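Listed below are the residues making up each chain.
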Amino acid sequence: MTTSKDVKVPRLRFKEFSGEWEEKKLGNLCETITKGTTPHKNNYPKEVHFIQVNDINKYNGNIKHQHYISLSEHLNYLKRSILKKGDILFSIAGSLGVVSVVKNKDLPANTNQALAILRLKKFHSVFFIDNLLKSEIVNKYIYDNPTVGAQPNLSLSQLYNFKLKLCCNSEQEKIGNFFTKLDRLIELQTKKVEQLKQLKRGYLQKMFPQKGETVPRLRFAGFIGEWEEKKLGDCIIPASKKALTSAQKYKLLKVQLHFQGVRITDEYPNVTSKSRDYFIRKTGELIVGKQNFHNGGVAIVPSYADGYIASSAIQSFNVINNNDLTYLYYFIARNDWLKRTTKYLNGTGQKEYGLKTLVNLKIFSPSLKEQKQLSNFFSNLDKKIKLQEKKLLKLKKMKKGYLQKMFC
C-alpha cells in the first residue's frame, strides 16, 4: 500500500512539469512563524482591524472586519504581530486549520495567539502555500497531532516541523494562479446567489402587506382592492389525526429551519410509552415544527417524502376554501411576520406553538388569481436560486477535488 509519505508526484499536474516534489519543513519556507497576544481590555476606537479565528470564512478565507484595537496598542504592545500583505494566517487553537491570506483591504491589522502568522520567504508562492494548507494532507496532520487541553491546539513548534512536499517555484506559481482564478469564480457565484436571495427578501417585504396595511407596496398589474384579513385556520385544516400503531416500521422526515425544506432520513423512531404520537405525512401537506415555527421550521411535503412519518411535534395541514397552499407558505416565509408571532409561544418547558395558536394567527389574502400569480412568481425565483446554488456547489466540489489531486 502506498502512503502519503511515499507519494512524490501529484495525481493531477500541468503537462509542462515533471519530476518529483521535494519534502521540506513548513518552518524552512518561512522568514518567521509567530503569533499574537491578547490585547488590553477596553473600548477600542476603530483604528486597526483585530483578526480572530471566527472572523475568517473557513470556506473562502475572506476576513470579516468586526473587531478593532487602537493604533497605539497596535504599534506598541502588539507590535510583534503587526500583519503585512501576503501573511498567511493559520488557526492553531479551537477550530484548527482555518487559513487566510492577508490582503491590502485587511490592513492595518493585528491578531491574537489563536492564529499563527506565516511570513513566507519571497521566492515561494503565497497562494500555492495557502491552498496546500487547505488540502487533505494538512487536515490529516491536524487530526493526528493536536495537543488536547481545554481546547485542541497546535504549537508553533509542531507547525514549524510539519513536513510538506513542494514543487519548483514556477509550478508553485501556476498552481497558485489556478486556485486564485477558481476562488474568484466561487466568489462571483457566491455573490450571485446572495444577490438573488436578497432580491427575494426584498420582494417578500414589498409584495405582501406590512404591519398596519391592507395592500402591498408592489403589486402585479391588473389587481386592485384591499386584501382580506383572515385567520390561518380559515385557509387550512389539520391533516390526518390517525396516529400510527407501529411507527417504528416507518422512516422519519424532519423539517429544516430557515425555510430549507424537508429532509428525509434513514432513521426510525424510538417509540416508548412516553413518546409523542407519529403520523404519516403526504405530498402537498404544509408541515410546521411547533417549537421552531418562528425560526422558519415550515415546509411543503415534496413527493419524495410521501409516506415518511413525523411526530406530533410537527403539525401537518391541508389547504381548504379555495386557497393556494404555496401562497400561504410564502406569506408565512417573511421574517417580520414570523417575529410578531413569537409572543404566542407558550409552555412551561420548551415553548411551542399549540394548534389553537397556529390556526388563529392573522394573515392577509387577495383573490385566488392573485395568490396563484404570487406563488408562481416566488416559486420561479426559488428555482433560480436553487439553480445558482447548484452551480456554486459544483464549483466547491471541483475545488475540493483539485485540492486532493494537485498536491502530494
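Residues numbered from 1 in each chain as written. Predicted model: local features only at pLDDT ≥ 70, side-chain atom pairs only at ≥ 80, totals over all residues. Heavy atoms only, no water.

Trainee: Account for the sheet that holds strand E16 (residues 298–300), naming residues and giving values.
Mentor: The 4 strands are arranged E11-E18-E15-E16 in an open sheet whose pairing can be described as antiparallel. Each edge of the sheet is formed by a strand with only one pairing partner; in this case those strands are strand E11 (236–238) and E16. Here the average twist between neighbouring strands, direction ignored, is 30 degrees. Lying over the sheet, helix H7 (residues 325–332) contacts E11, strand E15 (286–289), E16 and strand E18 (314–319), oriented at roughly 160 degrees with respect to E16. (Pairing = 2+ DSSP bridges. Helix = DSSP H or I, 4+ residues; strand = E, 2+ residues; numbered from the N terminus. Axes fitted to C-alpha atoms, helices over the stretch in contact; angles between N-to-C directions. Contact = heavy atoms within 4.5 Å.)

Trainee: Go over the sheet that holds strand E7 (residues 109–111), please, and point to the residues and values.
Mentor: On the basis of which strands lie adjacent, the open sheet formed by 3 strands has the order E4-E3-E7 and mixed pairing. Two strands lie at the open edges of the sheet, namely strand E4 (68–69) and E7, each paired on one side alone. As defined by bridge partners, strand E3 (residues 48–51) adjoins E4 across 2 bridges and the pair is classed as antiparallel. Residue pairing for E4: His49 is matched across the bridge by Tyr68.

Trainee: An account of helix H6 (residues 169–206) is needed here, citing residue identities and associated values.
Mentor: Over its 38 residues, H6 runs 55 Å from end to end, which matches the ideal 56 Å to within 8%, given 1.5 Å per residue. Taken residue by residue, H6 has Glu171, Gln172, Ile175, Gly176, Phe179, Leu182, Ile186, Gln189, Val193, Leu196, Lys200 and Leu204 as its buried positions. Where H6 is buried, its residues contact helix H3 (126–132), strand E9 (163–166), H7 and helix H10 (368–405). (Expected span 1.5 Å × (residues − 1). Buried < 20%, exposed > 50% of the residue type's maximum accessible area, 1.4 Å probe, protein only.)

Trainee: I'd like a rundown of the side chain of Lys290, residues and numbers included.
Mentor: Positionally, Lys290 belongs in the loop between E15 and E16. For the buried residue Lys290, which engages in no salt bridge, the nearest side chain bearing the opposite charge is Glu352, 4.0 Å off. (Lys, Arg positive; Asp, Glu negative; His and termini not counted. Salt bridge = Lys/Arg side-chain N within 4 Å of Asp/Glu carboxyl O.)

Trainee: Any chance you could break down the nonpolar core for me, citing the residues and the numbers?
Mentor: Within the largest apolar cluster, 38 residues are counted, with the highest numbers of intra-cluster contacts made by Leu26, Phe90, Leu118, Phe128 and Leu133. Residue contributions to this core peak at 5 residues, all from H6. When neighbours within four sequence positions are excluded, Leu26 is seen to be in contact with Leu118, Leu133, Leu159, Tyr160, Phe162 and Leu164. Judged by nonpolar contacts, the second largest core, of 32 residues, contains Phe293, Tyr330, Phe331 and Leu361. (Core = buried A, V, L, I, M, F, W, Y, C linked by side-chain atoms within 4.5 Å.)

Trainee: Help me get a handle on the pattern of salt bridges, residues and values and all.
Mentor: For the structure on display, the rule yields 20 salt bridges. Across the pair Glu267 and Lys254 runs a salt bridge, and its minimum N-O distance is 3.4 Å. Of this pair, Glu267 sits in the loop between strand E13 (262–264) and strand E14 (278–280) while Lys254 sits in strand E12 (residues 253–255), and the two are 13 residues apart along the sequence. Residue Lys254 is classed as partly exposed on the basis of its relative accessible area, which comes to 31%. In this structure, the salt-bridge partner of Arg334 is Asp336, at a minimum N-O distance of 3.9 Å. Here the two residues Arg334 and Asp336 agree in accessibility, since each one is buried. The structure contains a network of salt bridges with shared partners spanning Arg184, Glu187 and Lys191.

Trainee: Provide a residue-level description of the packing of aromatic side chains, including the pertinent values.
Mentor: Per the stated rule, a full pass over the model turns up 22 aromatic pairs. Where Tyr141 meets Phe162, the ring centres are 4.0 Å apart and the plane angle is 25 degrees; that geometry is what we call stacked. Highlighted residues: Tyr141 in helix H4 (residues 136–144) and Phe162 in the loop between helix H5 (156–160) and E9, separated in sequence by 21 residues. The same class applies to Tyr141 as to Phe162, namely buried. Lying across the ring of Phe14, Lys174 places its NZ or CZ 5.0 Å from the centre. In this structure, Arg334 packs its charged tip against the face of Phe331, placed 4.2 Å from the ring centre. (Phe/Tyr/Trp six-rings, centres within 6.5 Å; stacked < 30°, edge-to-face > 60°. Lys NZ or Arg CZ within 6 Å of the ring centre and 35° of its normal.)

Trainee: Would you mind going over the side chain of His74 in detail, with residue names and values included?
Mentor: Topologically, His74 is positioned in helix H2 (residues 71–75). Of the polar contacts made by the side chain of His74, one reaches the side chain of Asn110; its length is 3.1 Å. Apart from the residues lying within four places of it in its own chain, the contact partners of His74 are Val48, Ile69, Lys79, Ile82, Pro108, Ala109 and Asn110. (Polar contact = N/O pair within 3.5 Å; in protein donor to acceptor, adjacent residues only side chain to side chain.)

Trainee: Requested: an account of the packing of H6 against H10, with residues and values cited.
Mentor: Between H6 and H10, the least distance of the axes is 10 Å, while the angle of their chain directions is 160 degrees. The pairing of H6 with H10 is recorded here as roughly antiparallel in orientation. Two packed elements cross with a definite hand, and for H6 against H10 that hand is left-handed. Of the residues belonging to the contact of H6 with H10, the class tally is 19 nonpolar, 3 polar and 10 charged. (Parallel < 35°, antiparallel > 145°, perpendicular 65-115°, else oblique. Left-handed = near helix turned anticlockwise from the far one by under 90°. Nonpolar A, V, L, I, M, F, W, Y, C, P; charged D, E, K, R; others polar.)

Trainee: An account of the packing of H7 against H10 is requested, with residue identities and associated values reported.
Mentor: Helix packing for two helices is described by the angle between their axes and how far apart those axes are. Relative orientation of the contacting elements H7 and H10 amounts to 65 degrees, with a least axis distance of 8 Å. By the angle between their directions, the pair H7 and H10 is classed as roughly perpendicular. Crossing of H7 over H10 shows left-handed handedness. In contact with Thr326, Tyr327 and Tyr330 of H7, H10 contributes Gln371, Leu374, Ser375, Phe378, Ser379 and Asp382. When grouped by side-chain class, the residues that make up the contact of H7 with H10 number 4 nonpolar, 4 polar and 1 charged.

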